[in-house]
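Structural features, examined
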Amino acid sequence: MRTVIDHLVVACADLAQGAEWAQQTFGVAPAGGGKHVTMGTHNRLLRLGPRCYLELIAIDHDGTPPAQPRWFDLDNPALQQRIRNTPELVTWVAATADIVEALVKAPMQGEVSAFTRGAVSRSIALTVSGRMNIGGVLT
């Protein structure tokens, strides 16, 4: 089973803050992205390579609050305090050809959830709590 880094996740107080930070830090404005309605978040993206990108993610304050905790620990008051003034790299996300097999080997990663946005559907492992394992080292 091949598993590779898919993207790096940077939590932001809001996407305007994240876009400004990316422009100042990398000299490039993020593009694309969209809303994750189920999770009550939205994002902007910055391509790092052919199959890897940086995701700027923030709570979508105009969206409907989710029924479950938001991913990447975004509901955590301590994280919200840390990102109030500047975005923070919080974790990385892996892509695998067989998510079920991956979760057999690393069950602490949560349960498989199906996500659809437009024409794109993905299976994602999520913890019930929305918390990140080992402080974001294992995601």
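Further up the page is the structure itself.
Residues numbered from 1 in each chain as written. Predicted model: local features only at pLDDT ≥ 70, side-chain atom pairs only at ≥ 80, totals over all residues. Heavy atoms only, no water.

This next bit is on the overall build of the protein chain. What the protein chain contains, in helices and strands, is 3 helices and 7 strands. Listing the helices and strands of the protein chain from first to last along the sequence gives β-α-β-β-β-α-β-α-β-β. Relative to its 139 residues, the protein chain shows a buried fraction of 38%. Considering only intrachain contacts with a sequence separation of at least 6, the fraction spanning at least 24 residues in the protein chain is 60%. A total of about 8,200 Å² of accessible surface is found on the protein chain, and carbon and sulfur atoms cover 57% of it. (Helix = DSSP H or I, 4+ residues; strand = E, 2+ residues; numbered from the N terminus. Buried < 20%, exposed > 50% of the residue type's maximum accessible area, 1.4 Å probe, protein only. Contact = heavy atoms within 4.5 Å. Areas by Shrake-Rupley, 256 points an atom, 1.4 Å probe, with all protein chains shown as cover.)

Next up on the list: the nonpolar core. Val9, Ala11, Ile57, Trp71, Phe72, Leu74 and Leu79 are the most contacted members of the largest nonpolar core, which has 14 residues in total. One finds Leu15, Leu46, Leu54 and Leu56 within the second-largest nonpolar core, a separate group that totals 8 residues. (Core = buried A, V, L, I, M, F, W, Y, C linked by side-chain atoms within 4.5 Å.)

Let's shift gears to the sheet that holds strand β3 (residues 41-49). Strand order across the open sheet formed by 5 strands is β2-β3-β4-β1-β5, with mixed pairing between neighbours. Strands at the two margins of the open sheet, each flanked by one partner only, are β2 (31-36) and β5 (88-96). Taken pair by pair, the neighbouring strands of this sheet meet at an average axis angle of 30 degrees, ignoring direction. Examined bridge by bridge, strand β1 (residues 3-11) and strand β4 (residues 52-59) share 5 bridges and lie parallel to one another. Note that in β4 the partner of valine 9 across the bridge is glutamate 55. Relative to the sheet, helix α1 (residues 15-26) contacts β1, β3 and β4, its axis offset from that of β4 by approximately 145 degrees. (Pairing = 2+ DSSP bridges. Axes fitted to C-alpha atoms, helices over the stretch in contact; angles between N-to-C directions.)

Take the pattern of salt bridges next. Enumeration according to the criterion identifies 3 salt bridges in this entry. Here lysine 35 makes a salt bridge to aspartate 60, at a shortest N to O gap of 2.7 Å. Within this pair, whereas lysine 35 is found in strand β2, its partner aspartate 60 is found in the loop between β4 and α2 (77-82), the two being separated by 25 residues in sequence. Its relative accessible area of 44% is what places lysine 35 among the partly exposed residues. (Salt bridge = Lys/Arg side-chain N within 4 Å of Asp/Glu carboxyl O.)

Residues Val100, Val104 and Val112 make up a contiguous nonpolar surface patch of about 280 Å² in total accessible area. Looking at the element boundaries, valine 100 is found in helix α3 (residues 99-105). (Patch = residues over 30% accessible without salt bridge, like charges linked within 9 Å, V, L, I, M, F, W, Y side chains within 5 Å.)

Bringing unusual backbone geometry into the picture now. The backbone phi angle of phenylalanine 72 is positive, close to 60 degrees, even though this residue is not glycine. Along the polypeptide, phenylalanine 72 turns up in the loop between β4 and α2.

All right, on to the environment of valine 93 then. Here valine 93 lies in strand β5. Taking the C-alpha atoms as reference points, valine 93 and valine 4, 89 residues apart in sequence, are found 8.6 Å from one another.

Okay, the pairing of β4 next. The element β4 is largely enclosed, with a buried count of 8 among its 8 residues. Across the two faces of β4 the burial is the same, with Cys52, Leu54, Leu56 and Ala58 and Tyr53, Glu55, Ile57 and Ile59 all buried. Note: β3 against β4, 8 bridges, orientation antiparallel. Bridging from a neighbouring strand, glycine 49 pairs with cysteine 52 of β4. Following β3, the chain reverses through 2 residues before pairing antiparallel with β4.

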